[in-house]
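# Structural overview for review
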Amino acid sequence: QVTPVESGGGLVQAGGSLRLSCVDYGRTFSVYDGAWFRQAPGKEREFVAAITRHGINTYYAVSVKGRFTISRDDANSAVYLQMNSLKSEDTAVYYCAAGSGAATAPSAYAYWGQGTQVTVSS
């Protein structure tokens with residue numbers, strides 16, 4: 001069982017950076033693929049980035065490719081999302097997820113964190 005907990009969200013000006021952290025204090029995250037999704041008000045939850053077991057492969061949405069970097073530290077049962085060159089359209093609640101199967105489909109992820117708000121001004 002995995003219980004992801006996100007942190008690192010906040011308010012940042014356009015062009016700035018944030019680093020989101022997702023930690024499973026049960027320390028079993030390494031068994032699963034990890035991913036970040038986001039959801040803005042009135043919009044569907046959308047895929048942002050994913051990382052497979054052992055960090056072998058990474059996947060990114062076109063909208064964030066080149067700006068965001070997903071990584072993981074299995075020793076600390078953690079997945080991270082480094083977000084650079086933030087834009088106003090990045091504003092959303094960001095959710096960490098753990099699961100298996102298809103990297104970009106929400107249905108592939110059985111375990112979800114509570115979400116952390118990212119707000120980009122201007």
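No experiment lies behind these values; they were computed from the predicted model shown.

The next point concerns the environment of Phe 37. Structurally, Phe 37 is set in strand E4 (residues 33–39). Among the residues examined, Phe 37 registers a relative accessible area of 0% and is labelled buried. In this structure the C-alpha to C-alpha distance between Phe 37 and Ala 92, which are 55 residues apart in sequence, comes to 9.5 Å. Phe 37 has contacts with Arg 45, Glu 46, Phe 47, Val 48, Val 93, Tyr 94, Tyr 95, Thr 104, Ala 105, Pro 106, Tyr 109 and Trp 112, leaving out every residue within four places of it along the chain.

Ranked by size, the top nonpolar core spans 34 residues in total, and within it Trp 36, Val 48, Phe 68, Leu 81, Met 83, Tyr 94 and Tyr 109 carry the most contacts. When contributions to this core are tallied by element, the ones reaching two or more residues are strand E3 (18–24), E4, strand E5 (46–51), strand E7 (68–73), strand E8 (78–83), strand E9 (92–99) and strand E11 (116–121). When residues no more than four places from it in sequence are discounted, the contact partners of Val 48 are Trp 36, Phe 37, Arg 38, Tyr 59, Tyr 60, Ala 61, Val 64, Phe 68, Leu 81 and Tyr 94.

Here we come to unusual backbone geometry. Positive phi values are uncommon outside glycine, yet Ser 77 reaches one of about 50°. Mapped onto the fold, Ser 77 is located in the loop between E7 and E8. Its identity is not glycine, yet Ser 85 carries a phi of approximately 50°, on the positive side. Checked against the element boundaries, Ser 85 lands in the loop between E8 and E9. On the accessibility criterion, Ser 85 (41% relative accessible area) is partly exposed.

Let us look at the sheet that holds E7. Spatially, four strands are ordered E1-E3-E8-E7 in an open sheet, and the strand pairing comes out antiparallel. Of all the strands in the sheet, the pair left with one neighbour each is strand E1 (4–7) and E7. In this sheet, adjacent strand axes meet at a mean angle of 15° when their direction is disregarded. Here E3 pairs with E8 via six bridges, running antiparallel. Considered in E8, the bridge of Ser 21 is made with Tyr 80.

It is worth spelling out the pattern of salt bridges at this point. The final tally for this structure, using the stated rule, is five salt bridges. Between Arg 38 and Glu 46 there is a salt bridge, with the nearest N and O atoms lying 2.7 Å from each other. Through salt bridges that share partners, Arg 38, Glu 46, Arg 67 and Asp 90 make up one connected network.

Reading the values: the criteria
By convention here, each chain's residues receive numbers from 1 onward along its written sequence. At least 70 in pLDDT is required for a residue's local features to be given in this predicted model, at least 80 for side-chain atom pairs to be given and counted, and no such filter applies to totals for whole chains, interfaces and linings, which use all residues. For the side-chain quantities, the full set of heavy atoms in the structure was used; hydrogens and water were omitted. Helical segments are the DSSP runs of H or I of at least four residues, strand segments are the runs of E of at least two, and each set is numbered from the N terminus. Relative accessibility thresholds used throughout: buried, under 20% of the residue-type maximum; exposed, over 50%; partly exposed, between the two (1.4 Å probe, protein chains only). Only heavy atoms enter the contact rule, under which two residues are in contact if any of them lie within 4.5 Å. Remark: nonpolar core denotes a set of buried residues (Ala, Val, Leu, Ile, Met, Phe, Trp, Tyr, Cys) joined through side-chain atoms within 4.5 Å. Strands qualify as paired when DSSP identifies two bridges or more between them. To obtain an axis, a line is fitted to C-alpha atoms, over the contacting stretch when the element is a helix, and the angle between two such axes runs from 0 to 180 degrees between their N-to-C directions. Basic side-chain nitrogens of Lys or Arg form a salt bridge, by our definition, when they fall within 4 Å of a carboxyl oxygen of Asp or Glu.

By themselves these figures say nothing about function.
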